[in-house]
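# Structure assessment
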Amino acid sequence: MGKRSYSRCVACTVASLFCLTFLLSAVNADLNLDGLRTFGGGGDRGSLLGGFDLPSLFAEKGKLCQGLSGTVPATNSEDIFEVSLYALVQGGPSKRVASTRSTAEGTFRLSTCKGDFLIAVPADSNISKQALGAVLLPPEFEQKGTVVDVVINEPSTVATAFALAQFAQADPKDGSVWIGGGSLTGMRNAARLSANYIDPSTGSPTSLLSTSPNGPDTDTLERLNSLANAISLCRGGGTSSGCYALVELTGTTNSFLAISTIAANPAVQPDAVYAITEQASIYSPALSTAPAEWTLPLLLTDTGSATKRWSGPGNVAIDAKGNLWGANNYIFQTSDITPAVPSDYYIALKPSGEPQPFSPGMTNPKGGTGPDGPGFGASIDLDGFPWQSNNVFGSPDNDAGSIFKIDPKDGRVIGTWDFDTLMGKGQGIVPDRLGNMFVASLGTNELFKFNPRKPEEYKIIRGNNLDLPFGVAVDSQNNVWVANSAPAPGSTFLSKFSNDGEPLGSWELPNGTVPEPPPPQQVADTGASAKGVAIDLQDNVYVANWLNNSISVFQNDGTDLGFFEFGEGLEGPWGVAVDAFGDIFIGEFGTPLSNTGKGVAHICGAASTRPGCFLGKLLSPATGGYAQDTGVMQRVTGVTIAESGAVWACNNWKPQPTDILNPGGNGLVLFPGLAKPVKTPLYGPPRLPTDPDIGGGVGGLVAEKEDASESILSGLFGGDGLFG
């Protein structure tokens, strides 16, 4: 062959490979590959290029994203699965970007450059009730030139179905798994939560799930294994009576949707679910008795430090990326009899619950004291900056207290303000939709309104029955509602103010009774000592009456809709959160003499759109809140709902009575897929994740200018300042 012919041959080969690469890139990037199989382990059968392994050809130069290789639970050579990779889409249904068939040995391979989760169903079957799932996780998946292993099995399906529960439904065309409807950020954060439970590369429980403080200390692993046993009954196409019972009980079409339905409705017929789980024993350890409900609570204690650990998380704020900013009451100490010391650090976590590189966040060495016993106050302003309020626990000085601001880019404390030393024992702190912020000054019976860009611009709001103000909430008209925690009989009120601080009314909350420490054992009259307050999508107001063991509900004009008690189903309510259904989630702190961990109560709100709901209907077990008997929970204060549909609960105090010297609780408890997602950060009443942003803040993505006063909210306050 002559040199010219050889050159032409090389040129043609290079050109052909270039065109082929371009074609495949275009297919992967732009086309919905419904019904198209790529690079399957199933050889030539229905595949685009048979067994040609393009990723290995271009791996060195990174021309394509890495391939995926994995396994499915094939019990015999006839168990061939259709394995599809889906990409989540903002607001809409997920998009299938690649598909293949497994081999008779249960292996499969895909090559694609995008995707969030996998669904596997028996091939060539339109009636199968078996559907399995797993997730792909960045940053592994974004590394080019490598092959990522993924195991799809029953445990991975339980973890994925729980994590994506609020986005899962049956496709109206064929009953298959349909994931979508949320924000892209929320859905991806939800998918990543599954990796807290099952390692996607092995299909086995993670060390977080299988070891202390979870593992042997709780029953969450047993719960997951029991549900995995239930869907194992659908192997072989789902023709067993147990599989039929599972999908019929949940009103679904396949095993994946059955688990996601249980995740979103964990207290519905728990005994019947348990009876199905007993019909298989592939995965162990499993539950030996029926639970009161089927949540998968997971305790997260890692703060990024072996010494500065959680000790009394009071509340958590979630930014637009899903990051968590936790207020921590005390400095961690191991002894229960060592007097508690106000914390000088806060905790910052990624959406998965993993610590940020700069966590725990400390004081600012260049000025400002930063954390000093942060209490119940944690929120995000309209610029995306996290704020917390300092209670200075243990200080006898009611005038001791402050607020501090955090840079979300690196976690540094930007500054601390005490309003000319006038603030005392800060608690609830919230933004309105105009750019202002409000913070409760419990020690001085006042409410402070301030400009978060220039906190030296502030206004003091007094009167209107403010008495130990605690929780603060803002309605859609930017009016401010304050729950007062005064404990004397007849002294607890809910106070309402205009945005300018004018009193708009106050309403007395119901008195209660509380046991006093022995001797002698007796019951004393008390006020409600209200703690948390929250507002739903129709501006109804919910107040947690701690010492009355009830929730009070008011319309926005002050019409009293009553207070609701649930016996053991609600003990010592504290934090309150509202989801996009209008359901109410309540952190249970318990009564002063409680000596067991509590849980998270769940009731229907006045505006709930959940089917079958009515105001005051208890959705969590009547014997106690979610996870109360799992070994996970302590005394709970704040509860926060994420765009992922997860509920985060603060284990604030140890279960011992409230006279303990070092009471700080041990961390956050994750409940994946439990609540209808809301948009974060929370600015006023909850909004849908796909609603447009308010103001200029993007929750953690702050304007590049160093001076916050020159940020993208410039001009929001008008005039010469806050009150111009």
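Attention in this report is confined to the structure presented alongside it. Because the structure is predicted, anything quoted here is derived from the model rather than measured.

### As for the sheet that holds strand S19 (residues 413-417)
Here four strands make up an open sheet; going across it, the order is S16-S17-S18-S19 and the pairing antiparallel. Each end of this open sheet is capped by a strand with a single partner; those strands are strand S16 (374-380) and S19. When the angles between neighbouring strand axes are averaged without regard to direction, this sheet yields 20 degrees. Sheet topology places S16 next to strand S17 (residues 386-390); four bridges connect them, and they run antiparallel. The residue of S17 that forms the bridge with Ile 380 is Pro 386.

### Examining the state of the cysteines
Where two cysteines share a covalent bond between their sulfur atoms, that bond is called a disulfide. Applying the stated criterion across every chain yields a total of two disulfides. Linked covalently through their sulfurs, Cys 604 and Cys 613 form a disulfide whose S-S length is 1.9 Å. Because the torsion about its S-S bond is -70 degrees, the bridge between Cys 604 and Cys 613 counts as left-handed. What makes Cys 604 buried here is its relative accessible area of 0%. Residue Cys 613 is classed as buried on the basis of its relative accessible area of 19%. Disulfides within the protein link the bonded cysteines, taken in sequence order, as 1-2, 3-4.

### Description of the sheet that holds strand S23 (residues 458-461)
What the four strands build is an open sheet, ordered S20-S21-S22-S23; its pairing is antiparallel. For this open sheet the edge positions go to strand S20 (426-431) and S23, each flanked by a neighbour on one side alone. The mean inter-strand angle of the sheet, taken between neighbouring strand axes irrespective of direction, is 20 degrees. Sheet topology places strand S21 (residues 437-441) next to strand S22 (residues 446-450); five bridges connect them, and they run antiparallel. From the neighbouring strand, Phe 438 faces S22, where its bridge partner is Lys 449.

### Here we look at the packing of helix H7 (residues 241-250) against helix H8 (residues 255-264)
At a closest axis distance of 9 Å, the pairing of H7 and H8 adopts a crossing angle of 45 degrees. Classified by the angle between their axes, H7 and H8 sit oblique to one another. Here H7 runs over H8; the crossing is left-handed. Of the residues in H8, those touching H7 at Leu 246, Val 247 and Thr 250 are Ser 255, Ala 258, Thr 261 and Ile 262.

### What about the environment of Asp 659?
With respect to the secondary-structure elements, Asp 659 resides in the loop between strand S38 (647-653) and strand S39 (664-671). Taking the relative accessible area as the measure of exposure, Asp 659 reaches 61% and is therefore exposed. It is 8.2 Å that separates the C-alpha atoms of Asp 659 and Pro 592, two residues lying 67 residues apart in sequence.

### Side note on unusual backbone geometry
The amide bond that connects Ser 212 to the next residue, Pro 213, takes the cis arrangement and shows omega of 15 degrees. Among the secondary structure elements, Pro 213 is positioned in the loop between helix H5 (207-210) and helix H6 (220-232). Omega for the bond connecting Thr 680 with Pro 681 falls within 30 degrees of zero, at 0 degrees, which places this linkage in the cis form. One can find Pro 681 in the segment after S39. With a phi angle near 60 degrees, Asp 420 is a residue other than glycine that sits in the positive phi range. You will see that Asp 539, though not glycine, has its phi angle at about 70 degrees, which is positive. Looking at the element boundaries, Asp 539 is found in the loop between strand S30 (530-535) and strand S31 (541-545).

Definitions and cut-offs
Residues numbered from 1 in each chain as written. Predicted model: local features only at pLDDT ≥ 70, side-chain atom pairs only at ≥ 80, totals over all residues. Heavy atoms only, no water. Pairing = 2+ DSSP bridges. Helix = DSSP H or I, 4+ residues; strand = E, 2+ residues; numbered from the N terminus. Axes fitted to C-alpha atoms, helices over the stretch in contact; angles between N-to-C directions. Disulfide = S-S within 2.5 Å. Buried < 20%, exposed > 50% of the residue type's maximum accessible area, 1.4 Å probe, protein only. Parallel < 35°, antiparallel > 145°, perpendicular 65-115°, else oblique. Left-handed = near helix turned anticlockwise from the far one by under 90°. Contact = heavy atoms within 4.5 Å.

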